[in-house]
Amino acid sequence: MGNQELSFVELNQSKVTDDVIQQFDCGNEDMTEYLHKYAKNDSIEGKGVTYVLVAEDRKHIYAYATIKAYSLYYYDEAEKYHTKVMNDDGKILLSIPAVEIKMFAISRKLKGQVAYLLDPVKKQHYSSIFFKWFLEYLYYMSMNTIGFQMVFLRANNEGKAL
């Protein structure tokens with residue numbers, strides 16, 4: 001990290017070499033393998049887009065996140081919307097546009113580490129800071145690129161309350 005600014009960049013546009021991608025290890029075999037073998041193709045095939053957290057020199061991946069389009073469905077009263085009933089209960093199926101965070105991982109070297117250089121006052125962990133940065137990135141994406149109202153996190157049980 002040093003004095004270089006970190007930013008999330010779309011993997012296929014990132015100019016990160018395959019060697020740097022192969023060096024990434026988050027400590028979870030499945031999540032590490034996903035970045036190594038599947039992330040680039042999933043983007044091309046429309047299955048999800050991966051963003052890597054890198055410094056300007058692109059020599060290390062500090063974290064990555066993969067997102068995909070998602071929708072949360074619910075039923076509501078059809079009469080509210082002046083439309084035809086969709087089911088026997090007089091309801092209509094609606095959806096809320098969302099984005100799913102399919103994967104989020106940080107480098108094994110930074111897991112559980114307090115980010116003294118990035119946050120000397122609150123002394124947050126790297127994982128917390130990187131995740132907040134990504135949520136902020138998603139917020140701006142929702143305002144400028146593609147509208148969505150919710151974020152859905154596909155979590156595993158490896159996360160820890162910090």
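Look above for the structure.
So, here is what we can say about the structure in this document. (Residues numbered from 1 in each chain as written. Predicted model: local features only at pLDDT ≥ 70, side-chain atom pairs only at ≥ 80, totals over all residues. Heavy atoms only, no water.)

1. Some points on the nonpolar core
Of all hydrophobic cores here, the largest spans 22 residues; its most connected members are L53, Y62, I67, F104, F130, F134 and L138. Mapped onto this core, the elements with two or more residues apiece are β1 (6-10), β2 (49-55), β3 (61-77), β4 (91-106) and α3 (126-144). No other element matches the six residues that α3 contributes to this core. (Core = buried A, V, L, I, M, F, W, Y, C linked by side-chain atoms within 4.5 Å. Buried < 20%, exposed > 50% of the residue type's maximum accessible area, 1.4 Å probe, protein only. Helix = DSSP H or I, 4+ residues; strand = E, 2+ residues; numbered from the N terminus.)

2. Let's talk about the sheet that holds strand β5 (residues 150-153)
Pairing in this open sheet of five strands is mixed, and the strands run β1-β2-β3-β4-β5 from one edge to the other. Single-partner strands in this sheet number two, and they are β1 and β5. Strand after strand, the sheet turns through a mean of 35° between neighbouring axes, direction not considered. Contacting β1, β2, β3 and β4, helix α2 (residues 29-44) runs over the sheet at an angle of about 130° to β4. Lying over the sheet, α3 contacts β1, β2, β3, β4 and β5, oriented at roughly 140° with respect to β4. (Pairing = 2+ DSSP bridges. Axes fitted to C-alpha atoms, helices over the stretch in contact; angles between N-to-C directions. Contact = heavy atoms within 4.5 Å.)

3. Things to note about unusual backbone geometry
Even without being a glycine, K15 presents a positive backbone phi close to 65°. Looking at the secondary structure, you find K15 in the loop between β1 and α1 (18-23). Positioned with a positive phi, K123 is a non-glycine residue whose angle comes to about 55°. When its relative accessible area of 44% is taken as the criterion, K123 is described as partly exposed.

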